[in-house]
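Structural overview for review
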Amino acid sequence: MAVKYRKQRLMSQTAIQTPVIASSAPTLSIVIPVYGAWQATRVLGALLPLAALEILVCDSSPAPVALPDFPTVRLIHLQQRAFPGAARNAGWQQARGDYVLFVDADVVLTQEACHFVHRHLAANPHDLAFGLYTQDCADYNSICRFITTMQRQRFEQEFSRNHFRYGQSSHVLMRRDLYKKMGYFNPHLRMHEDKEICIRAINAGVDINVYPEFLADHIKIFSFIDLMKDHGYKSYLARETQFNNPDIFNKVENQLSTRFKTSLITSFISPILLLLLAGLNILSAKVAGGIFLGMVLSPLLLAHEIFIPSRLKEKLTGILLWPCMGATICIGVMLANVRVYSRALIRKIRYVAVLAELGKRVFFRRGMPVSIIHFVTSRCNLRCEHCFYKETLDLKDPGEQDLLQLEKTTREIGPVLWYALGGGEPFLRNDLHDIHRIIMQNCQPMMISIPTNGWYTEKTYINTLRMLQQMQRGALTIQISVDGPKTIHDAIRGDDSWQHLLKTWQKLKELQRIYPQLSLGIITVVNHTNYLSYPDFIDEITDTFQPNQISINLIRDTENRNAEVPHTVLDAYKSAIERYEWHIQHKTLTAFGYLGGAIVRAKESVQKELIYRVMRFNEFVTPCTAGALTYVIWEDGRVNACEMLPDTVGNIIGNNPENNFSTIVKNEKSDILRKKIVAEECKCSYECAMTINTLFSWPVAGKLWSRVLSGKSSSPLPLPETHTR
């Protein structure tokens, strides 16, 4: 009888008169993530009345199910198993409609939901519109009806009580272009991708709403065994996801009240305790039986919102399910804890080996670096006069290494402390998040830094989000170049540059509220055009941007590293640094959100003092570690010890032995260059090399570490007025 009813219902839904939609009405794309078998004809047939522009089936199964011959249905076959967020993103990125409706493969939209979608599109809202499951689907058994009632309590009643709230992503409708405000689904999560995108949406000012009339039948029918497996597995995944992403998921409750959770857990634990107490004759069998009966019936009181609206059969089913659900949830969480803590311990043990390798590199200094500056492109949309790349930006072939080359080279480099990406404009590369993933996997740096001119707000936001979503450790620093107040900055970099970078900064600050491992910095270069703006411009930076750090760089001549900088520019540089030191001391900057922030603070002070002494007094301040602990890789594959030195020691592009990075840094050219740098007491204002000098070149490294260990990282370090040698 149930089978006959389902066929009749499907026929009535597919026979609905397709509404005529005005050409000016918003268009709709539908995305269905799929893995494995599904009732394609039934699910798709219920969607036809929506008259969607397209229905995109994103199937990551090895052999996708054959689709019915509906004209708007298109298969997107993903070659690898995709988590729900990744499958949804594949459709979202190819969708052409003004709105996107995401529907799971085990969900059948009702006629009422179709009417809701038409009304919603006509209203043209900008929210995330979540739906609910029906409670009267003919497919449901008593278990499904009880679970559906429980879900409605979570996603309708408890939903409205939380700031960081979320709906169930089984069917959700949103504007296609909302990704510009909140990004796409997290493709790396097996669980809670709906929670995660809702947190970002709320953080970006997007409304989250659940609509009771947006109803769908959940055609995944549970037996008792199926339900226990499902609850146990989801509890396991939920705990694993929370452990791996604590900064995100600690912000949000699971929309199940403490009273409910306590009832679930105690209903499982209490019978065990009662049996134990009765077995030890602490409680009589009669008393234990009475308490047990009370505990069995307690959900009727503690979870009355679920039980009261349920029918008698569902009430009885719920009472029997309640302790079993509590048991599977507890078991799932305990198993997840064993796994995540054991894996965390293994990662820490392995990282000891990484630290040992880095220590060996610092101690023996045979060429293998602890820092890499890697120019991943020379393309740039701007033409800044002080940029050392300005002469090559317009070349026909700017040169870029592909991901296979980067995979090879980073494996050869091995572990480093710091990996700095550069350009050109790095965010012009659409695969920047893949570059970041490869580096984190093969080099395991404590920090990756990326400078940008901030012009491309959407590219920068989406790529930075994708980098943060795939990070399990380390810190990411994004630094935006700002070369003076608005008029001066635009004169140097081009019209509207300031406005673009300001928008980009605001979007990155949104991300920082969710991801504390993201550090945001400002780079400003003191040069002949803007020197009169300092030191007051440092105040403007702290007020306008509230960055974690300000990198105050000094204009340098890459053609002549010994070229003198005018005293007027040096005076401006000095005053800018001293003003920055004041802000550090008075804690007006945003604190770093990761361990090592104190070291970074101390490094900034010591590094700037060294650069000033070099450029003002032509003083040799420390043996340089370029060629020993740090290297530069150019976009065309050339390897240099430093940006300032013309000596190229090899090229990584190619598959010959001489293209191996570790071979290059140990070859005869590199060895000669290292000795030359030491013998000639090489000195310059190159900030990246001076950073490593500050950390590891004695005796200046002693000054840094003494400041860190004594707790004086933020104490001012006055710049000398005279030669100090």
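Above this text sits the structure in question.
Quick summary incoming for the structure in this document. All values reported here derive from a predicted model rather than from experimental measurement.

**Here's the deal with the packing of aromatic side chains**
What the rule picks out here adds up to 18 aromatic pairs. Measuring from ring centre to ring centre gives 5.5 Å for Trp 92 and Phe 102, while their planes differ by 70 degrees; the resulting arrangement is edge-to-face. In this pair, Trp 92 sits in helix 3 (residues 84-94) while Phe 102 sits in strand 4 (residues 99-103), placing the two residues ten residues apart along the sequence. The pair formed by Trp 92 and Phe 102 is uniform in burial state, with each residue classed as buried. Pairing Tyr 534 with Phe 537 gives two aromatic rings, centres 5.9 Å apart and planes at 75 degrees, and the pair type is edge-to-face. A connected cluster of aromatic rings, assembled from ring pairs, spans Trp 92, Phe 102, Tyr 179, Tyr 184 and Phe 185. Lying over the aromatic face of Tyr 35, Arg 81 brings its terminal NZ or CZ to 3.6 Å of the ring centre. Stacked on the ring of Phe 364, the Lys or Arg Arg 366 has its end atom at 4.6 Å from the ring centre.

**Digging into the environment of Asn 693**
Relative to the elements of secondary structure, Asn 693 occurs in helix 25 (residues 687-696). Distance from Asn 693 to Cys 624, taken between C-alpha atoms, is 6.0 Å for residues 69 residues apart in sequence. Setting aside chain neighbours within four positions, we find Asn 693 in contact with Thr 622, Pro 623, Cys 624, Thr 625 and Val 700.

**Remarks on unusual backbone geometry**
In the segment running from Tyr 534 into Pro 535, the intervening peptide bond is cis, with an omega of 10 degrees. Relative to the helices and strands, Pro 535 resides in the loop between strand 13 (518-526) and helix 20 (536-545). A positive phi angle, close to 50 degrees, is found at Arg 365, a residue other than glycine. Here Arg 365 shows up in the loop between helix 14 (312-364) and strand 9 (371-375). A relative accessible area of 29% places Arg 365 in the partly exposed class.

Definitions and limits used
Residues numbered from 1 in each chain as written. Predicted model: local features only at pLDDT ≥ 70, side-chain atom pairs only at ≥ 80, totals over all residues. Heavy atoms only, no water. Phe/Tyr/Trp six-rings, centres within 6.5 Å; stacked < 30°, edge-to-face > 60°. Helix = DSSP H or I, 4+ residues; strand = E, 2+ residues; numbered from the N terminus. Buried < 20%, exposed > 50% of the residue type's maximum accessible area, 1.4 Å probe, protein only. Lys NZ or Arg CZ within 6 Å of the ring centre and 35° of its normal. Contact = heavy atoms within 4.5 Å.

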